[in-house]
Amino acid sequence: MSSYQFTWFDRFCLWYPPGWLILFNRHWQHYHADPDGWNWLEYGLFLLPGGFYIALLLRWLRLGCRFPRQQAVQFDRNYQQAFRDEVLAPIAKYYYRGELRQIENLPETESMIVAMNHAGMSFPWDFIVLAYLLGTAREWNVKPLAGVSLFDHPWMIWWLPPGWSQVLGGVRAEKEEFETAIAQKTVLLYAPEGLRGPSKGWQQRYQLASFDPSFIRLSDRHQIPILPVVCLGNELLHPFAINLNLQHIGKIFGLPFLPLSPLMPLFALFPSMGVWAMRSRLRYFIQPVYRVDLKDRTSRRERVAAYQEAQAFRDKLQNAINCILSGSDDK
């Protein structure tokens, strides 16, 4: 199939934040049959205040008052590369201005856990841009570990084609899928803070929360190295947001946390902006490879040792962040 050709409308969608979702869906529809997907009338409504809700109603009626059909999908490296080269490239290069630093620390191996400070209270653009940069720098098969809500939330099912995240290489943040991905000898992007990272908010920017020890245990069990990465600029993806810590209200909407932001009225008028974030300069500082060797692998002692190792790794990454920030304008 011929590659996707940008039109004036696609360039407009890149310039106009509510249009990013249109571009993602149009690119998918170029390579995949998607009878349940959005159509041109509905795309046009995305661009109008409140029009997304009318488009959603029209699509729901068009589908016979049902959700889009779920399909059996699997990772497609060819589509990942096409999406990377044809859609992510201009976003990563010119909007987020992604840049790898200290690339002499990049190993040659194609099997590792890439552990990074994750932030932004928005669509995970810090992870996506890093995946793009590593893929172009080393031609690695990069797969990000993503929260379950990125796959199953009702908004995601309507926003993007069913299976979009899996086809692009997303791995569900569940123990079984995590272990399977590690065993397959891939480059897995991982946020040791979990959702505590992006939910911290501006007041705690660049202050790492405690690390979950699961990645330490898996690194030791499969003898896979960890590549620490410091990202600067991801705290600016949505700097106005405050986490209200109202988990019970967040659960009503199926959200892992509930941010409050002055941009919320704008998002209410243009829900398609959910995949957009503020323009930033994302710089990634590659740290030396970290290897784990837990001496005692008995069940209880291994858990204790893995937790201690995870927090020691956290302290090491926090020190690296502090050192880079001390000579940087991103504070």
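The sections below set out a description of the structure shown in this document. (Residues numbered from 1 in each chain as written. Predicted model: local features only at pLDDT ≥ 70, side-chain atom pairs only at ≥ 80, totals over all residues. Heavy atoms only, no water.)

### Here we look at the layout of surface pockets
Volume-wise, the second largest pocket comes out at about 270 Å³. As for the second largest pocket, its lining consists of 14 residues, and the residues nearest its centre are Lys143, Gln166, Gly170, Val171 and Glu177. Taken together, the elements giving at least two residues each to the lining of the second largest pocket come down to β4 (171-172) and α10 (175-183). A total of three residues in the lining of the second largest pocket trace back to one element, the largest contributor, which is α10. A class-by-class count of the residues in the lining of the second largest pocket yields five nonpolar, six polar and three charged. (1 Å grid on protein atoms, 1.4 Å probe; cavity = no way out; pocket = protein on both sides within 12 Å on 5 of 7 lines; lining within 4 Å. Points joined across faces, edges and corners; volume = space filled by probe spheres on them. Helix = DSSP H or I, 4+ residues; strand = E, 2+ residues; numbered from the N terminus. Nonpolar A, V, L, I, M, F, W, Y, C, P; charged D, E, K, R; others polar.)

### Quick word on the nonpolar core
Soluble, globular proteins show a tendency: their nonpolar side chains are buried together. If you look at the biggest cluster of nonpolar residues, it comprises 103 residues, and the most contacted ones within it are Tyr96, Trp125, Phe215 and Tyr284. The biggest single contributor to this core is helix α6 (residues 125-138), with nine residues. In contact with Trp125, not counting residues within four places along its chain, are Trp20, Phe24, Leu88, Ile91, Tyr96, Leu237, Val275, Trp276, Ala277, Leu282 and Tyr284. (Core = buried A, V, L, I, M, F, W, Y, C linked by side-chain atoms within 4.5 Å. Buried < 20%, exposed > 50% of the residue type's maximum accessible area, 1.4 Å probe, protein only. Contact = heavy atoms within 4.5 Å.)

### Considering the side chain of Arg314
Inspection of the secondary structure assignment puts Arg314 in helix α14 (residues 299-326). Excluding anything up to four places from it in sequence, Arg314 contacts Leu208, Ala209, Ser210 and Phe211.

### As for the pairing of strand β6 (residues 226-232)
Buried residues dominate β6, accounting for seven of its seven residues. Burial along β6 is two-sided: Ile226, Pro228, Val230 and Leu232 and Leu227, Val229 and Cys231, pointing in opposite directions, are all buried. Two elements, strand β2 (residues 112-116) and β6, share four bridges in a ladder whose sense is parallel. Across the sheet, Ala115 pairs through a bridge with Pro228, a residue of β6. Where β6 meets strand β9 (residues 283-286), four bridges bridge the pair, whose relative direction is antiparallel. Bridge pairing links Val230 to Phe285 in β9. (Pairing = 2+ DSSP bridges.)

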